[in-house]
Every structure is written in C-alpha cells, then in structure tokens.
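Below, each chain spelled out in residue letters.
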Amino acid sequence: MALINHAKKEVVFKVVYCGPGMGGKTTNLEYIHSRIRGDQRGDLVSLSTSTDRTMFFDFLPVNAPLANGYQSKFQLYTVPGQVMYNATRQLVLKGVDGLVFVADSLPDRLEENVRAFRTMENNIERNQGSLTNIPLILQYNKRDLPGVVPVAQLEAVLNGGPRKLPAYEAVAKDGYQVFAVLNAVSQFLLERFYRVSGAGGGATSASPRRDGAGEERRAVVSGPESVSAAQGLAR
C-alpha cells in the first residue's frame, strides 16, 4: 500500500518498470522525465555500481489531488534487466505499489521476455505475496521496428492467464504511448487507494482498456499524445 507522509501531506506510490535488458525501461523513464515540468519532478538519479544500474525519480502530478489537502506523489524506478542482477531487482521491488512490464517486441527476445516476467513474478511473491494483488500494465515496446512479433503472440505468452492485463503497443524512444502506460498504472493506483482508504472526491470510474484506447477522461499525467495535455505536466 502507498506510504502516507502526514508531515508533508503526501501519499507516495512506488511504480517499478520491469522487463528484459535493453527492452526500453530506461528509455521510458528518460522520456517521462524530459516531458514533465522541472518544478513538478525530482532529478533523474542513477544508482550505479561497477556491474548494474537502477534509475529513479519522483514527480507530483497536478491532476491528482487527494482528500483533505493531501497530494499524490509517484516514484518511478527501473530495475536491471540482466539475470545476474536479481538481488538488485528484489531490493527495488520491495514495497512496490504498481508495475509496468516493458516487453521487447523483437523475435529473438521473446524467450527473454518470458524469463523476465517469471522472475518478476517470483520476486514479488518473495517480497509481498501474489502478483495478482499489484496493478500491472504490459507495454509491448519497439513496435516501430520491422519484423516485430505480432501482438497476438505476445499476448499468448505474456497475457494468457486468467487475469487479463491492460496492454499497450508503444515506441518508448519516440514517446508513443509512454504517458498512456503511465496514466494507466497511475489510475489503477489512485482508484485502489480511494477504495481502501475510503477517501472520496477524486476517484475515477473507468478502468484502462487493454488496447490503450479507452474513453476520454482526465489524465493523471499528460504527454504530447494526451487529450489533456493543456491540463498536465508536459512541456
């Protein structure tokens, strides 16, 4: 559950971007960070060792006030994709509120996507129980490249269980659907917080559609492709 800082009147949600190495996790964070106004976000921090790297930053969305004068804050993290850095993954995933799984759409990365997804699931189970208790969005990245795996095949290997997850085609390096994915997981987190805490007044009624289309509604954060860009944080 989100952390509540009563002194600062903030509710802090932790969102972690997972997936195989070189799949686009860092590209997502770099793009989001570059498009949010400087007065609404922190610095993009890289925690590097000689062998692996984790990145994070936080931001305060102007479109997501909570009850009683509290403001929501989102902390966005990446985890290293390489298998040998699983200890770092477990540490970063501790206390996570929402997940984005960034899948690489290239054919030769299909098995690596599956391994990364299973590792994420196992790490969540070790840290805090079942993955089904955490909002999770799938991002099928690199859809602009030739010869990518059909979406139906990605769905079959990553989204074939009883829990049908929201899934978005994306091109992180160009920003396509990057903010749509972020808004999807943010909406889920806010809606769940309202339900669990009993806070009223800000909940949205619609859940994100699996294809990323959905009905028009106010975004938590706005990017260049958002219908709410004038109300959001994008430059």
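What you are looking at is a predicted structure, and each value in this text was computed from that prediction instead of being measured. (Residues numbered from 1 in each chain as written. Predicted model: local features only at pLDDT ≥ 70, side-chain atom pairs only at ≥ 80, totals over all residues. Heavy atoms only, no water.)

Turning to the pattern of salt bridges, a few remarks are in order. Tallied over the full model, the rule gives 9 salt bridges. Of the charged contacts, one joins Lys 142 and Asp 104 as a salt bridge, the two residues approaching to 2.7 Å between their closest N and O atoms. Of the two residues, Lys 142 is situated in the loop between strand S7 (136-141) and helix H4 (151-158) and Asp 104 in strand S6 (residues 98-104); the sequence distance between them amounts to 38 residues. Across the salt bridge formed by Lys 173 and Asp 174, the nearest N and O atoms sit 3.3 Å from each other. Bridged by salt links that share partners, the residues Asp 104, Arg 109 and Lys 142 form one connected network. (Salt bridge = Lys/Arg side-chain N within 4 Å of Asp/Glu carboxyl O. Helix = DSSP H or I, 4+ residues; strand = E, 2+ residues; numbered from the N terminus.)

This next bit is on the environment of Pro 20. Take Pro 20: it is sitting in the loop between strand S2 (10-18) and helix H1 (25-35). A relative accessible area of 0% means that Pro 20 is categorised as buried. Considered as a pair, Pro 20 and Arg 109 are 89 residues apart in the sequence and their alpha carbons are 8.2 Å apart. (Buried < 20%, exposed > 50% of the residue type's maximum accessible area, 1.4 Å probe, protein only.)

What follows is about the pairing of S6. A regular strand carries its side chains on alternate faces of the sheet. Of all the 7 residues making up S6, 7 are buried; the element is thus mostly covered by neighbouring parts of the structure. Residues of S6 alternate between two faces, with Gly 98, Val 100, Val 102 and Asp 104 on one and Leu 99, Phe 101 and Ala 103 on the opposite face, all of them buried. Inspection of the sheet shows S6 paired to S7 by 6 bridges, in the parallel sense. In the strand pairing of S7, Ala 103 is matched with Tyr 140. Taken together, S6, helix H3 (residues 110-128) and S7 form a β-α-β motif whose crossover is right-handed. (Pairing = 2+ DSSP bridges. Right-handed = clockwise from strand over helix to strand, strands pointing away.)

Its 19 residues place the ends of H3 27 Å apart at the C-alpha level, agreeing with the 27 Å of an ideal helix rising 1.5 Å per residue. What H3 keeps buried is the set Leu 110, Glu 112, Asn 113, Val 114, Ala 116, Phe 117, Met 120, Asn 123 and Ile 124. Backbone geometry just downstream of H3 places Gly 129 in the positive-phi region, at approximately 105°. (Expected span 1.5 Å × (residues − 1).)

For the pair H3 and H4, interaxial distance at closest approach is 10 Å and the crossing angle is 35°. For the pair H3 and H4, the sense of crossing is right-handed. Only Gln 153, Leu 154, Val 157 and Leu 158 of H4 make contact with H3, whose side of the interface consists of Leu 110, Asn 113, Val 114 and Phe 117. Residue classes in the contact of H3 with H4 are distributed as 6 nonpolar, 2 polar and no charged. (Axes fitted to C-alpha atoms, helices over the stretch in contact; angles between N-to-C directions. Left-handed = near helix turned anticlockwise from the far one by under 90°. Contact = heavy atoms within 4.5 Å. Nonpolar A, V, L, I, M, F, W, Y, C, P; charged D, E, K, R; others polar.)

To continue, consider the nonpolar core. Grouped together as the largest cluster of nonpolar side chains are 35 residues, with contacts concentrated most on Ile 32, Phe 74, Leu 76 and Leu 182. The set of elements that each furnish at least two residues to this core consists of S2, H1, strand S4 (53-59), strand S5 (71-78), S6 and helix H5 (178-197). With 11 residues, H5 is the largest single contributor of residues to this core. Here Phe 74 is in contact with Phe 13, Val 15, Phe 57, Asp 58, Phe 59, Pro 61, Ser 186, Leu 189, Leu 190 and Val 220, once residues within four sequence places are set aside. (Core = buried A, V, L, I, M, F, W, Y, C linked by side-chain atoms within 4.5 Å.)

Let us look at the packing of aromatic side chains. For the coordinates displayed, the defined rule picks out 6 aromatic pairs. Considering the side-chain rings of Phe 59 and Phe 74, the 5.6 Å spacing of their centres and the 20° angle between planes classify their relative orientation as stacked. Placement of Phe 59 in strand S4 and of Phe 74 in strand S5 is noted, with a sequence separation of 15 residues between them. Residue classification places Phe 74 among the buried residues on the basis of a relative accessible area of 0%. Pairing Phe 101 with Phe 117 gives two aromatic rings, centres 5.2 Å apart and planes at 70°, and the pair type is edge-to-face. In this pair, Phe 101 is assigned in strand S6 and Phe 117 in helix H3, connecting sequence segments 16 residues apart. Take Phe 101 and Phe 117: they sit in the same class, and that class is buried. Ring pairs connect the aromatic residues Phe 13, Phe 59, Phe 74, Phe 193 and Tyr 194, which therefore count as one cluster. (Phe/Tyr/Trp six-rings, centres within 6.5 Å; stacked < 30°, edge-to-face > 60°.)

So, about unusual backbone geometry. Notably, Lys 9 is not glycine yet its phi reads approximately 55°, a positive angle. With respect to the helices and strands, the residue Lys 9 is situated in the loop between strand S1 (3-5) and S2. A relative accessible area of 35% means that Lys 9 is categorised as partly exposed. Positive phi is not limited to glycine here, since Lys 142 has a value of about 65°. Since its relative accessible area comes to 19%, Lys 142 is described here as buried.

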